[in-house]
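# Fold and contact review
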Amino acid sequence: MADAGFPRMPARVFTALLATDSGRLTAAELADSLRVSPAAVSGAVRFLSQINLVTREREPGSRRDRYRVHDDAWYEASVHRDRELVRWEAGLREGIEALGEKTPAGERLAESLAFFGFMREELPGLLGRWHDRREQLRAAAARETTRAATQGASSASR
């Protein structure tokens, strides 16, 4: 993730959360497992929360927070991306107006605006197709689990 431009500490925290069975860890658990300071974890979690990859949950009966990665984190983050695209488009429109449509810079901004408009138009369909694919994958995994359990039960009864 860091090689792809994701900040290093948020990448480490996100990976740690993804790699736990529960998908939930406290700040102390994250700091201990990553061998970093609680402040580093705090900054990473703040970044991950802003891009909707991680949420904070309060442990019942405790004052400790747990940080949780969504089961379908990339889908959740992508759903929220639309708001950012709208903001970027507004900024690009202002830039085009300030620089002029016919200037080289204005033309570059206009092409960026067209790209973000295209992304915003296509994203709902893409996410819908992913939702359908994810359901197919989960159904296949459930069938495989049932098949394995049935085979195990029939082997045990022999």
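A brief look at the structure comes next. (Residues numbered from 1 in each chain as written. Predicted model: local features only at pLDDT ≥ 70, side-chain atom pairs only at ≥ 80, totals over all residues. Heavy atoms only, no water.)

We now examine helix H1 (residues 8-18). Those residues of H1 lying buried are Pro10, Ala11, Val13, Phe14, Ala16 and Leu17. Tucked into the core, H1 has its buried residues touching strand S1 (24-26), helix H2 (27-34), helix H3 (38-50), strand S2 (54-58), strand S3 (65-69) and helix H4 (73-99). (Buried < 20%, exposed > 50% of the residue type's maximum accessible area, 1.4 Å probe, protein only. Helix = DSSP H or I, 4+ residues; strand = E, 2+ residues; numbered from the N terminus. Contact = heavy atoms within 4.5 Å.)

Working note: regular strand, side chains alternate between the two faces of the sheet. With four of five residues buried, S3 lies mostly within the body of the structure. With three bridges connecting them, S1 and S3 associate as antiparallel partners. Looking across to S3, one finds that threonine 26 is bridged to arginine 66. Two elements, S2 and S3, share five bridges in a ladder whose sense is antiparallel. From the neighbouring strand, arginine 58 faces S3, where its bridge partner is aspartate 65. (Pairing = 2+ DSSP bridges.)

This next bit is on the pattern of salt bridges. Considering all chains together, one arrives at 10 salt bridges under this definition. Note that arginine 58 is salt-bridged to aspartate 65, the shortest N-O span being 3.3 Å. When its relative accessible area of 52% is taken as the criterion, arginine 58 is described as exposed. Taking relative accessible area as the criterion, aspartate 65 reaches 17% and is therefore assigned buried. Here arginine 120 and glutamate 89 are joined by a salt bridge, their closest N and O atoms 2.7 Å apart. Here arginine 120, found in helix H5 (residues 104-157), pairs with glutamate 89, found in helix H4; they are 31 residues apart in sequence, far enough to count as distant. (Salt bridge = Lys/Arg side-chain N within 4 Å of Asp/Glu carboxyl O.)

These results come straight from atomic positions and should not be treated as a statement about function.
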